[in-house]
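# Chain and residue survey
Read off the chains here:
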There are 2 protein chains.
Amino acid sequence: MINIERLHQNVTTWLKTSRQRVLALMNDPLTVATKSNRNDLVTNVDRTNQQFLIGQIQAAYPDARIEGEEGKDQKTKSLDGLVFFVDPIDGTMNFVKEHNYFAIMIGVYVDGKPVYGAIMDVMHDTIIAGGHGFAMRANDTRLPALADEPLAAGLIGLNGPMHAHNRLAVADIGMASSGVRMIGSAGMTFADIAQGALIGYISYLQPWDVAAALAILGHAGVIFSRPDGSQLDLLTPGIVVAATPQAHQTIMTMMNDAATN
Amino acid sequence: MINIERLHQNVTTWLKTSRQRVLALMNDPLTVATKSNRNDLVTNVDRTNQQFLIGQIQAAYPDARIEGEEGKDQKTKSLDGLVFFVDPIDGTMNFVKEHNYFAIMIGVYVDGKPVYGAIMDVMHDTIIAGGHGFAMRANDTRLPALADEPLAAGLIGLNGPMHAHNRLAVADIGMASSGVRMIGSAGMTFADIAQGALIGYISYLQPWDVAAALAILGHAGVIFSRPDGSQLDLLTPGIVVAATPQAHQTIMTMMNDAATN
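Residues numbered from 1 in each chain as written. Chains lettered and ligands numbered in written order. Predicted model: local features only at pLDDT ≥ 70, side-chain atom pairs only at ≥ 80, totals over all residues. Heavy atoms only, no water.

### Some details on the domain arrangement of chain A
All names here are of chain A. Each domain of chain A was delimited in the assignment, giving domain 1 (4–142) and domain 2 (151–260). The distance between the C-alpha centroids of domain 1 and domain 2 comes to 21 Å. On the side of domain 2, 24 residues touch domain 1, which itself brings 34 residues to the contact. At the boundary of domain 1 with domain 2, total buried surface from both sides reaches about 2100 Å², with 73% on carbon and sulfur atoms. There are zero salt bridges connecting domain 1 and domain 2. Counting the contacts that link domain 1 with domain 2 gives six residue pairs in polar contact (both at pLDDT 80 or more). Of all the secondary structure elements, the ones that give two or more residues to the side of domain 1 that touches domain 2 are β3 (65–68), β4 (82–90), β5 (103–110), β6 (113–121) and β7 (126–131). Among the elements that line the side of domain 1 that touches domain 2, the one with the most residues is β6, at seven residues. Split by residue class, the side of domain 1 that touches domain 2 holds 17 nonpolar, ten polar and seven charged. (Domains from an automatic or database assignment. Contact = heavy atoms within 4.5 Å. Buried area = accessible area lost by both parts, 1.4 Å probe. Salt bridge = Lys/Arg side-chain N within 4 Å of Asp/Glu carboxyl O. Polar contact = N/O pair within 3.5 Å; in protein donor to acceptor, adjacent residues only side chain to side chain. Helix = DSSP H or I, 4+ residues; strand = E, 2+ residues; numbered from the N terminus. Nonpolar A, V, L, I, M, F, W, Y, C, P; charged D, E, K, R; others polar.)

Written as structure tokens, this is what we have:
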């Protein structure tokens, strides 16, 4: 079994160095390209930062497989053994337009089981980390246990197009909550859940968008599922429902009612 | 005519003191009550802070009339003379749930004309200020001129229920942008526009939600109107469209098409 304290020290060191590199590059003009659509961006910083993080992981864990957002060469079809999911810049649109509210994420899995995750809020210099037997923390401060609030009592992060089209009752779910937030970064949204600011998040996510959060929040009582209640599969993208237990149950009921009516 | 440099010094002093008081009170249990609906909150801190700010304004500007969010006694039906609009905590839901992303706002008008505004982002200790002949700044740093980006190239803040119901084509406007953000505080959204992170905002706002921003951003090239293109009236609540000129024009066309189809 991997040593999680040691892993956390390594990841923390990589993320702090990575952050300094990103901040330095942010002052130069960015090279921005589109991927799947006009709002799916990649910059030179995403690519450079992924290369840096992959280099660090390979040096420390030569047997690990690495799933990164940028570039197809590392894609795996299996989660056997030690796997690192890397999102070098999560919230690239925010990074480009706002120079704020973006994250660097690393999620670590052993034989498909979430072991450890870290989400770095770059501009606020905060690493949210947690995992199996490793209590959730913001930098060196232990985070309080998450309250199991009902949907009506909490703020929820929602995907914009799903909300606009009430897909899977997502707009109704928003109206049933205390309020909808759209932050533009899965990592920043999950970091808000870890800190008790939001009680859930519904969005279409790639494996590297959710891997770190599943490891951190899944061990802190947050329920992750697909809209039909089935478990996530970190080899394929799809809609993710992450919420504290009471809210998750209400969301499942509302989604099921919407699907069957 | 009021001395704006002196006004800015006064407001800055009040906001800094106000911030310290809010931070101190935030550590105690909040008294939370609902107003117009279950998600329209007021806390003891909103009320205490409004009293504090009104006291400061009255001491320095004894002839001013004051329009505050909390309490009906100060409501005016005219904008003649010197009027201060005060929002003691903007984004009360965020204040309660997140302890982050809320603002304190002061907007100053003379005979109905916007003279000066200040938005304090409490948790990030930043005052965005600007006005007539008073360049937009974040604390002591002058902010760059706002780029006149088209709607397709910018992020836009949108009201949740309007987006959910595509009211006035707001969901379509979101899809035509680079992305939708829902922040939960008018003040924080306008602060993001001032800093070039967002290009616009559409929401239903009370006079004290928009007064500071209209004074700051209206003098920095942002267009403010009602959905039909008419000017804002700071005596009544209503839907506000605030955006950089190109984006505002596109939004007006989309809203007009939606209203006439």
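### A few points about the environment of Thr 253 of chain A
Residue and element names in this part refer to chain A. Inspection of the secondary structure puts Thr 253 in helix α8 (residues 245–260). Thr 253 sits in the partly exposed class, given a relative accessible area of 44%. On a C-alpha basis, the gap between Thr 253 and Met 120 in space is 33 Å, while along the polypeptide they are 133 residues apart. One polar contact links the side chain of Thr 253 to the main-chain carbonyl oxygen of Gln 249, over a distance of 3.0 Å. (Buried < 20%, exposed > 50% of the residue type's maximum accessible area, 1.4 Å probe, protein only.)

### Remarks on the nonpolar core
The biggest cluster of nonpolar side chains holds 79 residues, and the ones touching the most others in it are Ile 119, Phe 190, Leu 217 and Phe 224 of chain A together with Ile 119, Phe 190 and Phe 224 of chain B. Ignoring anything within four residues of it in the chain, the contact list for Phe 190 of chain A reads Ile 119, Tyr 201, Leu 205, Asp 209, Val 210, Ala 213, Leu 217, Phe 224 and Ala 242 of chain A. Residues Val 180 and Ile 239 of chain A together with Ile 156 and Ile 251 of chain B belong to the second largest nonpolar core, which totals 36 residues. (Core = buried A, V, L, I, M, F, W, Y, C linked by side-chain atoms within 4.5 Å.)

### Digging into the packing of helix α6 (residues 186–194) of chain B against helix α7 (residues 207–218) of chain B
Residue and element names in this part refer to chain B. Relative to each other, α6 and α7 sit at 10°, their axes nearing to 9 Å. Here α7 runs roughly parallel to α6, going by the angle between their axes. Residues Ala 186, Phe 190, Ile 193 and Ala 194 of α6 touch α7, and the partners they reach there are Asp 209, Val 210, Ala 213 and Leu 217. Here the residues of the contact of α6 with α7 are counted per class, giving seven nonpolar, no polar and one charged. (Axes fitted to C-alpha atoms, helices over the stretch in contact; angles between N-to-C directions. Parallel < 35°, antiparallel > 145°, perpendicular 65-115°, else oblique.)

### Side note on the sheet that holds strand β5 (residues 103–110) of chain B
Backbone hydrogen bonds are what pair the strands of a sheet, in a parallel or an antiparallel way. Residue and element names in this part refer to chain B. Judged by pairing direction, the sheet is mixed, and its seven strands sit side by side in the order β3-β4-β5-β6-β7-β8-β9 without closing on themselves. Each having just a single partner strand, β3 (65–68) and β9 (141–142) make up the two edges of the open sheet. By the bridge criterion, three bridges tie strand β7 (residues 126–131) to strand β8 (residues 134–138) in an arrangement that is antiparallel. The partner of Gly 131 across the bridge, within β8, is Phe 134. (Pairing = 2+ DSSP bridges.)

### Details of the relation of the copies chain B and chain A
Structural alignment of chain B on chain A gives an RMSD of 0.0 Å, achieved by rotating through 180° and translating 0.0 Å along the axis. Each copy turns onto its partner about a two-fold axis. The residues that chain B uses at the interface reappear at the interface of chain A in 100% of cases, marking a shared surface. (Least-squares fit on C-alpha atoms with pLDDT ≥ 70 in both.)

### Topic: the pairing of β7 of chain B
Along a regular strand, successive side chains alternate from one face of the sheet to the other. Residue and element names in this part refer to chain B. With six of six residues buried, β7 is to be regarded as a mostly interior element. Of the two faces of β7, the one lined by Thr 126, Ile 128 and Gly 130 and the one lined by Ile 127, Ala 129 and Gly 131 are each fully buried. Two strands pair when backbone bridges link them, and strand β6 (residues 113–121) and β7 are joined in this way by six bridges, in the antiparallel orientation. The residue bridging Gly 117 from the neighbouring strand is Gly 130, located in β7. Hairpin remark: β7 followed by β8, antiparallel, with two residues in the connecting loop; positive phi at Gly 133, about 70°.

### Brief notes about the UniProt feature "binding site: Mg(2+) 2" (unreviewed entry) in chain A
Residue and element names in this part refer to chain A. Look at the UniProt record and you will see "binding site: Mg(2+) 2" (unreviewed entry) annotated at Asp 90. Tracing the sequence through the fold places Asp 90 in strand β4. Setting aside its immediate chain neighbours within four residues, Asp 90 contacts Phe 102, Ala 103, Met 105, Ser 185, Ala 186, Gly 187, Met 188 and Asp 209. (UniProt positions renumbered as here; feature names shortened; annotations may be inferred.)

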